[in-house]
Amino acid sequence: MNDISSFLRTFFINVSTMLTLLYLASLLYKYVVYKWSPAWKETLFILLTIVCGWTTIRFAFHFSETVMFDMRFLAVIVAPLFVRNRLSILVIGLGIGLARLSFGLNQAALVGCLNVVAMSLLVLFILWLSRRRRWPELRKMVTIIISVNTGNVLFIALFGIIPRRHYLVDIAPGTFLVSLFLSFAFMFILREFMTEDKRSHKLKIYTARLEKQYRISEEKGRSLEQAKQELEAMYAQVQSASRYKTEFLANMSHELRTPLNSVLVLAQLLEENIDDRLSEEEVGYARIIHHSGKELLGLINDVLDLSKIEAGRLELDRSVFSVRELLGHMDELFRPIASRKRLSFTLRSEPDVPEHLHTDEQRLKQIINNLLSNALKFTQEGHVRFVVSRVPEGGLLAEGGLAFEVEDTGIGIAANKQNIIFDAFFQADGSISRAYGGTGLGLSIAKQFAMLLGGDIRLESELGRGSRFTLLLPWPALVTSAADTLAPSGRDSAAMDQAAMEQAASLEEPRRAPGRPVAAGAASGVPATHRLLLVDDDEHNVYSLRVALAAKGFGVVTASSGGEALGLLSGNATIDLVLMDIMMPGMSGLEAIGRIRAMPGRKELPIIALTAKAFAEDGDECLNAGADGYMTKPVNVNELVREIGVRIRDGRAKGKT
């Protein structure tokens, strides 16, 4: 009984000593060793385990003067948890074996030395086997503990100096169970310690990384803040420049359109020669003046279109329209020109093309107008052909769509010019501008409109043999059911058709009045007894419009400011409609419209705003201020007369209700 108690006490001393050494080693690692390289760390562990083995031998249980029993093989068991190189386990075994020999050279010491070396070899074999069979970590360690404890008993029984029967019957059963239990306990304690140590080490690493990342993020934050401030400053400069550009374009549009309005109105009046007072030659002069004025207006419109595209201020107005009507519109515009030039002119829609499309009709017509106008302009003989066809999926368009193809047998475009033909103000040859006219803006605007619609324009051409321009539009947002068909607004369609007719007549790029034009209804049918109030501060505009409207049978009362107009309307003057200029000194036209709407008996008085500004928002401002419609200067007299008739009839209808 005393031997068993002494044996157990020795075992606990062995384990306690090893735990104490392990704790001291952890402190050393925590404050010194953790910065070392992995190779130095492993060397230190080997030395530490050998010292632990020597310590367990030092406090071993002595069966006799030469025979002792201890837990030295525990160092071999736990070694796989720490070492990276497996040969280090054999080094540990040899070190502990040599430590056993340091307590005296005898048979028992030799057996003890060989025992620990044999156990280290057994551990190496189990590690090799577990790696080959891919054992989990827990199974590997359990196998090592059971195998080493069993191997230790068998080795002592076979080669020890203690009588075999006495060892196997009286000693081994107790020592085996106790050593097995303590081995498992020590392994799990050490495993938890290692897990916690690794967790703490990882936490330190993560903390250090987080601190580093935090410092980096702070630096990046400061850099981003600085970059943000610089970008905000640059954005403010860009916004300021854009605002100045917009204001400049608006002012230039006003300054150019205002005098041009007088030129076109009076030239049109002279060209019509209502009283037959002009000779044919003088009418020809007026026609040239009117034609040149329209060309100048077209150039102004093109420049404004281009600037709005660049500024991203051009918005799409999608609607449903008929392909058949599109072809009829183009035929009406361009067949007379083709007939005069004796060209074959063909328009066709393939059978598989949908009857109705859903896109921005005005932009699409402007693109096609430009392509057909150019084709007719640059073709002296042969044909011009316009075909609408379906594009299969995976071809020119990945998702399929429609192709609007314009082909001609004209002068063609050289191969080295085809990549830049869509640049603004570019023409393939300077002589083209002299021979055919034009500014080189039409194709650039058409290309931008095509991209805005989600498509593109492709070019195939050979110098001297003709060209083929193909507008490609994808299916999404292009096709809708005929049941949902909505006719385009009368105002948009009429204004667009009128502009297109003027453009086709001059064989120039299509000209379009920007903004939202007012409707052009049927003939006015307004008798001469109706009186109009014309409010404009520009005496030339007042004169030209008064004369033109008087020639159409209207009585015209004029006012040079908004205040003067309010004075006339505050009396009992009979006014059937007001034509209000928007940009006037003092009281603006918008303010004057608002005040007229607040006057008793004038709430339903028809008002048409006349503006020289060409942006869509300018027209919206007029409508929001209370105008019934608006027209962009320079106005077409016939269009203005039709609009006056529509507004007076609408005003009568409102008055009756």
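Reference entry: report on the structure contained in this document. Residue numbers here run from 1 along each chain, matching the order of that chain's written sequence. Only residues with pLDDT of at least 70 get local features here, since the model is predicted, and only at 80 or more are side-chain atom pairs given and counted; chain-wide, interface and lining totals rely on the full set of residues. The basis for every side-chain value is the complete set of heavy atoms in the structure, and neither hydrogens nor water enter the calculation.

The subject of this paragraph is the overall build of the protein. A tally of helices and strands in the protein yields 18 helices and 14 strands. For the protein, the proportion of its 657 residues judged to be buried stands at 48%. If you take every contact in the protein between residues at least 6 apart in sequence, the share linking residues at least 24 apart comes to 73%. Methods summary: accessible areas were calculated by the Shrake-Rupley approach with a probe of 1.4 Å, and residue burial reflects only the protein chains presented. Only carbon and sulfur atoms are counted for the fraction: they give 57% of the accessible area of the protein, which is about 33300 Å². Numbered from the N terminus, helices here are DSSP runs of H or I no shorter than four residues, and strands are runs of E no shorter than two. For every residue, the accessible area obtained with a 1.4 Å probe (protein chains only) is divided by the maximum for its type, and the residue is called buried under 20%, exposed over 50%, and partly exposed between those limits. Working rule for contacts: check all heavy atoms of both residues, and any pair within 4.5 Å makes them a contact.

Turning our eyes to something else, we now look at the sheet that holds strand β12 (residues 577-581). Pairing between strands requires that DSSP locate at least two bridges from one strand to the other. If you trace the five strands from one edge of the open sheet to the other, you get β11-β10-β12-β13-β14, paired in parallel fashion. Two strands close off the open sheet at either side, each with one partner strand: β11 (555-559) and β14 (629-632). Between one strand and the next, the sheet's axes are offset by a mean angle of 20°, whatever the strand orientation. Relative to β12, strand β10 (residues 531-535) is paired through four bridges, and the arrangement is parallel. Note on β12: the bridge partner recorded for leucine 533 is valine 578. What counts as an axis is a line fitted to C-alpha atoms, over the stretch in contact for a helix, and the angles between N-to-C directions run from 0 to 180 degrees. Contacts from helix α16 (residues 589-597) reach β12 and β13 (607-611) within the one sheet, and its direction differs from that of β12 by about 155°.

Below, the discussion takes up the packing of helix α4 (residues 87-101) against helix α5 (residues 107-133). For the pair α4 and α5, interaxial distance at closest approach is 8 Å and the crossing angle is 170°. Viewed along their axes, α4 and α5 adopt a mutual orientation that is roughly antiparallel. From α4, Ile89, Leu90, Gly93, Leu94, Ile96, Gly97, Leu98, Arg100 and Leu101 reach across to α5, where they touch Ala108, Ala109, Leu110, Gly112, Cys113, Val116, Val117, Ser120, Leu121, Val123, Leu124 and Leu127. Three residue categories are used. Nonpolar comprises Ala, Val, Leu, Ile, Met, Phe, Trp, Tyr, Cys and Pro, charged comprises Asp, Glu, Lys and Arg, and polar comprises the others, including Gly. Among the residues making up the contact of α4 with α5, the classes are represented as 16 nonpolar, four polar and one charged. Roughly parallel means an angle under 35 degrees; roughly antiparallel means over 145; roughly perpendicular covers 65 to 115; every other angle is labelled oblique.

To continue, consider the sheet that holds strand β4 (residues 344-349). Taken together, five strands build an open sheet; the order of strands is β4-β6-β7-β9-β8 and the sheet is mixed. The open sheet has two free edges, formed respectively by β4 and β8 (456-462), since each of these has just one partner strand. Ignoring which end each strand starts from, the neighbouring axes of this sheet average 15° apart. Sheet topology note: the β8/strand β9 (residues 466-474) ladder contains seven bridges and is antiparallel.

A few words on the environment of tyrosine 543. Considering the arrangement of structural elements, one finds tyrosine 543 in helix α14 (residues 539-551). Residue class for tyrosine 543 comes out partly exposed when judged on its relative accessible area of 45%. A C-alpha to C-alpha distance of 10.0 Å links tyrosine 543 and valine 265, two positions 278 residues apart in sequence.

For α16, the complete set of buried residues consists of Gly589, Ala592, Ile593, Ile596 and Arg597. An end-on view of α16 places all buried positions within 135° of arc, on one side of the element. Directions are taken from the helix axis to each C-beta atom, and the arc is the one they span.

Further remarks concern the pairing of strand β7 (residues 401-408). Here β7 lies mainly inside the structure; seven of its eight residues are buried. In this sheet, β7 lies alongside strand β6 (residues 383-391) in antiparallel orientation, the contact comprising eight bridges. By the bridge assignment for β7, phenylalanine 386 is matched with valine 406. Two elements, β7 and β9, share eight bridges in a ladder whose sense is antiparallel. Following the sheet pairing, glutamate 407 is matched in β9 by arginine 468.

For this analysis, a ring pair means two rings from Phe, Tyr or Trp (six-membered ring only for Trp) whose centres lie within 6.5 Å, classed as stacked if their planes differ by under 30 degrees, edge-to-face if by over 60, and tilted for the remaining angles. Under the defined criterion, the tally for this structure stands at two aromatic pairs. Look at phenylalanine 155 and phenylalanine 159: their rings are 4.8 Å apart centre to centre, the planes differ by 50°, and that puts the pair in the tilted class. On the criterion of helical spacing, the pair formed by phenylalanine 155 and phenylalanine 159 is a turn pair, its members being four residues apart in helix α6 (residues 137-159). On the basis of relative accessibility, which here comes to 45%, the residue phenylalanine 159 falls in the partly exposed class.

Between lysine 633 and the following residue, proline 634, the backbone shows a cis peptide bond with an omega angle of -5°. Along the polypeptide, proline 634 turns up in the loop between β14 and α18 (637-656). If you check the backbone angles, arginine 134 has positive phi at about 60° while not being a glycine. Mapped onto the elements, arginine 134 comes out in the loop between α5 and α6. Looking at arginine 134, the relative accessible area reads 75%, which means it is exposed. Even without a glycine there, the phi angle at arginine 342 is positive, about 55°. For arginine 342, the position within the fold is in the loop between α9 (323-340) and β4.

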